[in-house]
2 protein chains.
Amino acid sequence: MADRLRGVAAVAHGGGPTQVINASLVGVVQESAQHPEITAVYGASHGILGVLEERFLDLWREDPDVLLAVARSPSSAVGSCRRKLSAEDCARVLTVFRAHNIRYFFCNGGNDSMDTATQVSRLARERGYELRVVGIPKTIDNDLAETDHCPGYGSAARFIAHAVRDIGADNLALPAPISVVEVMGRNAGWLVAATSLARHQEDDAPHLVYFPERPISEDKLVSDVEAVYSRLGRAVVAVSEGLTNDRGEPFGAELMKADGFSHRLASNLAQTLADLLQKRLDVRARGEKPGLLGRSCAAFVSETDRHEAELCGRAAVRAACEGASDKMVTLVRESNRPYRCSTGLVSLERVASAERLFPAEWIEASGHDVRPPFKEYAGPLAGEIEPHPRLKRFLVKPRT
Amino acid sequence: MADRLRGVAAVAHGGGPTQVINASLVGVVQESAQHPEITAVYGASHGILGVLEERFLDLWREDPDVLLAVARSPSSAVGSCRRKLSAEDCARVLTVFRAHNIRYFFCNGGNDSMDTATQVSRLARERGYELRVVGIPKTIDNDLAETDHCPGYGSAARFIAHAVRDIGADNLALPAPISVVEVMGRNAGWLVAATSLARHQEDDAPHLVYFPERPISEDKLVSDVEAVYSRLGRAVVAVSEGLTNDRGEPFGAELMKADGFSHRLASNLAQTLADLLQKRLDVRARGEKPGLLGRSCAAFVSETDRHEAELCGRAAVRAACEGASDKMVTLVRESNRPYRCSTGLVSLERVASAERLFPAEWIEASGHDVRPPFKEYAGPLAGEIEPHPRLKRFLVKPRT
């Protein structure tokens, strides 16, 4: 047991909010109250920006009931930001920490946030300022290394699986034969893979799933969709926002160059592909982009995800109080049936610059679907996705 | 009491599915079982197309438990279509009806479907075929005349209010100052108005609401957003997909002409406006288009809406059995506090070609918000929209 280091704990959120980042925040606040060496918990308003500008919220002064409600609400209650630290920024962070006797720093985010945490910790060591820095994982993209999965992923997976299920039901009802659904996750295919959780029967949506790890030629994509359309008379296609063609370029890159509106087209892959399919296959196609709802829609929180997010917040505090620093909390799957998970610790530097892509062995040889082990992996994280009931369809014998 | 007319009842869905159209369907199926003169209930597969192609599903043969589950699921379980009937089509419908002794025809849809119902009824009368035709209202757009509101609207309103609430929370957390959210409803502002139900505090999203009934110049739009941005440092803007500029053209019409991609740009108003605002105000803006989820997302069904959808299905059957024809069922609000609603009947021809726009007196003089009576009207239909909790934000005194 390390000596008790007396001081304030600061929490900073980095990157996009999630449906459960507040559960981690409240986990930190509540766990800290159990450790007398922690004298206050400050939330940095809008992440590291709040540290630089010395805008801290005193979280222990909040009404406990409000905190409990916040733990169950999406988005970040203290605010977040995207900011890479310069050397000057780092020095400023340390000045502010010293002024407030901040001795515990909890960085809640993805690999950029872990990089921030590493930098701050290094400078503190160099300057002889005792500071314990522990990262709390958070990303809907699930692309952090060294952890079984990341808080935020299960709920985002739950949302997108429901979205594809419901868009699939709509697609089945009204002949609009092809729907292209764009899914978050620019570099890693974890979220687009989760759309497969919507599928309960062989002909359920999604019928094709495309990964950013697997570039695909326009011709191949068109022929894949054509094959599904010939078989079912419709096709729901899930594509990662980071999907590129076989030259590694975004789809529609040529159009972009031609019309000079690169920003708009690049931000609208679903519609670009729908247009392409409509033109090449001569059937009606439409693009769907659930967008920010994918990380903010309160109705689709996975209870497992929320629970684990809180767990990670609490584990970070306990680890820091026991003397750990330069670590990130990880989730360790202990068993899958029944699903059981605990927390571990990993060195921050092993996480900071790494990116965990979707495993090649979980992609079907066809390149457009997941393999069964992925469903085993992701199912418990997203929670059950109920199928919509379908009529048996007793056809009446024609009489004319 | 009319003579009992013995025969089969056919139900056809028309236009876009909703979250509760199946509740009306199952209402028809269940109520019909109470009326011995109805010998079977056939669902037309994909609406009037199924009639023309003589594809009927025998709904009484379905498992009652499956029907109960279907009543609680979105999309249309029998399928829908968009098809205007030609004179030839009408004759074919009658031939098919005769062949199956279909004597009750329930058209579930918007004003196009009511038009179809009117045509079929007229021809039946001309040809001396006894047929009772009753319309069941259904549209997320809420633009049918003569009814207080339409089944489907409450749930779509509930979805879009939650979507704006959650996008608003995300917008508050991560400085991406301007979000433009595109809302269904091409001609009528009922759904974009419903985004106002997300607002509990003065600075909650949406900050601006634009109606298709109120064209607006690009300059006015930019200055409205600029004013909100100056005050709050952010702005969530809800726009109807049918919003036009003051020349009555879609925004970005000039760009469309220039680049020849009218389809894509027209289908992407939110991004077009976000690009415009980003350029003119020099702050980051993004477009959000929840799209088809607005009418299919199972998680946001309004219980009131579902209940009333079933009620309308049942009322249609009762009215037809009592001898009514050429009528549409209406919803009649009996009181608002507590909310109580019953059904009525109106002549089909008063509904068929009419379109009920959003009332001018419910739009603020500013042109970019609803007036309080709208919230009184829509609140009970969408059900309660809980606000997200917010921290009190006890700021720590700076020390540097």
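Residues numbered from 1 in each chain as written. Chains lettered and ligands numbered in written order. Predicted model: local features only at pLDDT ≥ 70, side-chain atom pairs only at ≥ 80, totals over all residues. Heavy atoms only, no water.

Undergrad: Tell me what's going on with the packing of aromatic side chains, and back it up with residues and numbers.
TA: Enumeration over the complete set of coordinates arrives at 26 aromatic pairs over all chains. Between Phe358 of chain A and Phe374 of chain A, the ring centres sit 5.3 Å apart and the planes meet at 65°, which makes this aromatic pair edge-to-face. Taken as a pair, Phe358 of chain A in the loop between helix 14 (349–352) and helix 15 (372–382) and Phe374 of chain A in helix 15 lie far apart in primary sequence, 16 residues in all. For the pair Phe358 of chain A and Phe374 of chain A, one class covers both residues: buried. Each ring, one from Trp190 of chain B and one from Tyr377 of chain B, has its centre 5.4 Å from the other, and the planes form 40°; the classification is tilted. Of this pair, Trp190 of chain B sits in helix 7 (residues 190–194) while Tyr377 of chain B is found in helix 15 (residues 372–382), placing the two residues 187 residues apart along the sequence. By relative accessible area, Trp190 of chain B is classed as buried at 1%. (Phe/Tyr/Trp six-rings, centres within 6.5 Å; stacked < 30°, edge-to-face > 60°. Helix = DSSP H or I, 4+ residues; strand = E, 2+ residues; numbered from the N terminus. Buried < 20%, exposed > 50% of the residue type's maximum accessible area, 1.4 Å probe, protein only.)

Undergrad: Any details on the relation of the copies chain B and chain A? Residues and values, ideally.
TA: Superposing chain B onto chain A takes a rotation of 180° combined with a translation of 0.0 Å along the rotation axis, leaving an RMSD of 0.0 Å. Interpreted geometrically, this transformation is the action of a two-fold axis. When C-alpha positions in chain B are compared against the rotation axis, the closest is assigned to Pro290 of chain B, at 2.5 Å. Interface overlap between copies is the fraction of interface residues in one copy that are interface residues in the other; for chain B against chain A it reaches 100%, indicating a shared surface. (Least-squares fit on C-alpha atoms with pLDDT ≥ 70 in both. Contact = heavy atoms within 4.5 Å.)

Undergrad: Explain the sheet that holds strand 3 (residues 56–58) of chain A to me, using residue names and the numbers behind them.
TA: Residue and element names in this part refer to chain A. One open sheet accounts for seven strands, arranged 3-2-1-4-5-10-11; its pairing is mixed. Pairing within the sheet leaves two strands with one partner each, and these edge strands are strand 3 and strand 11 (339–347). Strand-to-strand twist across the sheet, computed as the mean angle between neighbouring axes with direction ignored, equals 30°. Where strand 10 (residues 327–336) meets strand 11, nine bridges bridge the pair, whose relative direction is antiparallel. Paired with Thr330 across the two strands is Gly344, which belongs to strand 11. (Pairing = 2+ DSSP bridges. Axes fitted to C-alpha atoms, helices over the stretch in contact; angles between N-to-C directions.)

Undergrad: I'd like a description of the side chain of Ser296 of chain B, backed by residues and values.
TA: Mapped onto the fold, Ser296 of chain B is located in helix 12 (residues 293–296). Assessed through its relative accessible area of 0%, Ser296 of chain B is described here as buried. In this view, Ser296 of chain B contacts Asp166, Ile167 and Asp170 of chain A together with Gln19 and Pro74 of chain B; residues no more than four positions away in its chain are not counted.

Undergrad: Explain the nonpolar core residue by residue, including any values.
TA: Core analysis: the largest hydrophobic core is formed by 111 residues, its most contacted members being Phe106, Tyr153, Phe358 and Phe374 of chain A together with Tyr153, Phe358 and Phe374 of chain B. Beyond its immediate stretch of four places on either side in the chain, Tyr153 of chain B contacts Thr139, Ile140, Asn142, Trp190, Leu191, Ala194, Asp305, Phe374, Tyr377, Ala378 and Leu381 of chain B. (Core = buried A, V, L, I, M, F, W, Y, C linked by side-chain atoms within 4.5 Å.)

Undergrad: Pulling in residues and values, what's your account of the side chain of Ser32 of chain A?
TA: Relative to the helices and strands, Ser32 of chain A resides in helix 1 (residues 21–32). If we ignore the near neighbours within four places in the chain, the residues touching Ser32 of chain A are Ile38, Val41, Trp60 and Val317 of chain A.

Undergrad: Go over the sheet that holds strand 8 (residues 235–240) of chain A, please, and point to the residues and values.
TA: Residues and elements named next belong to chain A. If you trace the four strands from one edge of the open sheet to the other, you get 7-8-6-9, paired in parallel fashion. The open sheet terminates on both sides in strands that have one partner only, identified here as strand 7 (208–210) and strand 9 (285–288). For this sheet, the mean angle separating the axes of adjacent strands, direction not counted, is 15°. Both strand 6 (residues 178–183) and strand 9 contribute to a ladder of four bridges, which runs parallel. Residue pairing across strands places Ile178 opposite Ala285, the latter belonging to strand 9. Across the sheet, helix 8 (residues 218–232) touches strand 6, strand 7 and strand 8, and the angle it forms with strand 7 is around 160°. Packed onto the sheet, helix 11 (residues 269–281) meets strand 6, strand 8 and strand 9 and runs at close to 155° relative to strand 6.

Undergrad: Could you give an account of the environment of Pro137 of chain A, naming the residues involved and the relevant values?
TA: Residues and elements named next belong to chain A. On the secondary structure map, Pro137 appears in strand 5 (residues 132–137). Along the primary structure Pro137 and Thr330 are separated by 193 residues, whereas in three dimensions their C-alpha atoms are 7.1 Å apart. Those residues in contact with Pro137 that sit more than four places away from it in its chain are Asn108, Gly109, Met114, Leu144, Pro151, Cys312, Met328 and Val329.

Undergrad: Describe the packing of helix 6 (residues 153–173) of chain B against helix 15 of chain B, with residues and values.
TA: Residue and element names in this part refer to chain B. It is the contact of helix 6 with helix 15, at a shortest axis distance of 8 Å, that shows an interaxial angle of 100°. Taken together, the axes of helix 6 and helix 15 lie roughly perpendicular to each other. Here Tyr153, Gly154, Ala157 and Arg158 of helix 6 come into contact with helix 15, specifically with Phe374, Tyr377, Ala378, Leu381 and Ala382. Split by residue class, the contact of helix 6 with helix 15 holds seven nonpolar, one polar and one charged. (Parallel < 35°, antiparallel > 145°, perpendicular 65-115°, else oblique. Nonpolar A, V, L, I, M, F, W, Y, C, P; charged D, E, K, R; others polar.)

Undergrad: How would you explain the pattern of salt bridges if you had to name every residue and give the values?
TA: Per the stated rule, a full pass over the model turns up 56 salt bridges over all chains. The salt bridge involving Asp112 of chain A is made with Lys84 of chain A; its shortest N-O contact spans 3.6 Å. In this pair, Asp112 of chain A is assigned in helix 5 (residues 111–126) and Lys84 of chain A in the loop between helix 3 (64–71) and helix 4 (87–100), connecting sequence segments 28 residues apart. A salt bridge links Glu146 of chain B to Arg350 of chain B; its shortest N-O distance comes to 3.0 Å. Pair noted here: Glu146 of chain B is in the loop between strand 5 (132–137) and helix 6 and Arg350 of chain B is in helix 14 (residues 349–352), with a separation of 204 residues, a long-range link. (Salt bridge = Lys/Arg side-chain N within 4 Å of Asp/Glu carboxyl O.)

Undergrad: How would you summarise unusual backbone geometry if you had to cite specific residues and measurements?
TA: Geometrically, the link from Arg337 of chain A to Pro338 of chain A is a cis peptide bond, its omega value of 0° lying close to zero. Within the secondary structure layout, Pro338 of chain A lies in the loop between strand 10 and strand 11. Positive phi, normally seen in glycine, also occurs at Glu54 of chain A, with a value near 55°. Turning to its location among the elements, Glu54 of chain A is positioned in the loop between helix 2 (48–52) and strand 3. Its relative accessible area of 5% is what places Glu54 of chain A among the buried residues. The phi angle at Arg393 of chain B is positive, at roughly 65°, despite the residue not being glycine. Secondary-structure assignment places Arg393 of chain B in the segment after helix 15.

Undergrad: Please give an account of helix 1 of chain A that cites residues and values.
TA: Residues and elements named next belong to chain A. Taking 1.5 Å of rise per residue, the twelve residues of helix 1 would be expected to cover 16 Å, and the 17 Å separating its terminal C-alpha atoms lies within 8% of that figure. Buried within helix 1 we find Ile21, Asn22, Ala23, Ser24, Leu25, Val26, Gly27, Val28, Val29, Glu31 and Ser32. Buried residues along helix 1 sit against strand 1 (7–13), strand 2 (38–44), helix 3, strand 4 (102–109), strand 5 and helix 13 (303–321). (Expected span 1.5 Å × (residues − 1).)

Undergrad: Can you explain the interface of chain B and chain A? Please cite residues and give values.
TA: If you look at the interface, chain B gives 80 residues, while chain A gives 80 residues. Buried surface at the junction of chain B and chain A, summed over both partners, amounts to about 6,900 Å²; 61% is from carbon and sulfur atoms. Across the chain B-chain A interface, the total number found is two salt bridges. With its nearest N and O atoms 2.7 Å apart, the salt bridge here joins Arg295 of chain B to Asp170 of chain A. One can count 30 residue pairs in polar contact (both at pLDDT 80 or more) joining chain B with chain A. At nine residues, the largest contribution of residues to the side of chain B that touches chain A is made by helix 6 of chain B. Per-class residue counts for the side of chain B that touches chain A are 39 nonpolar, 20 polar and 21 charged. (Buried area = accessible area lost by both parts, 1.4 Å probe. Polar contact = N/O pair within 3.5 Å; in protein donor to acceptor, adjacent residues only side chain to side chain.)

Undergrad: Lay out the pairing of strand 1 of chain A with the relevant residues and their values.
TA: All names here are of chain A. For strand 1, the tally of buried residues reaches seven of seven residues, placing the bulk of the element in the interior. Pairing analysis gives five bridges linking strand 1 to strand 2, with the strands arranged parallel. Looking across to strand 2, one finds that Ala10 is bridged to Tyr42. As a crossover connection, the stretch from strand 1 through helix 1 into strand 2 is right-handed. Looking at chain direction, strand 1 and strand 4 are connected through six bridges and run parallel. By the bridge assignment for strand 4, Val11 is matched with Phe106. (Right-handed = clockwise from strand over helix to strand, strands pointing away.)

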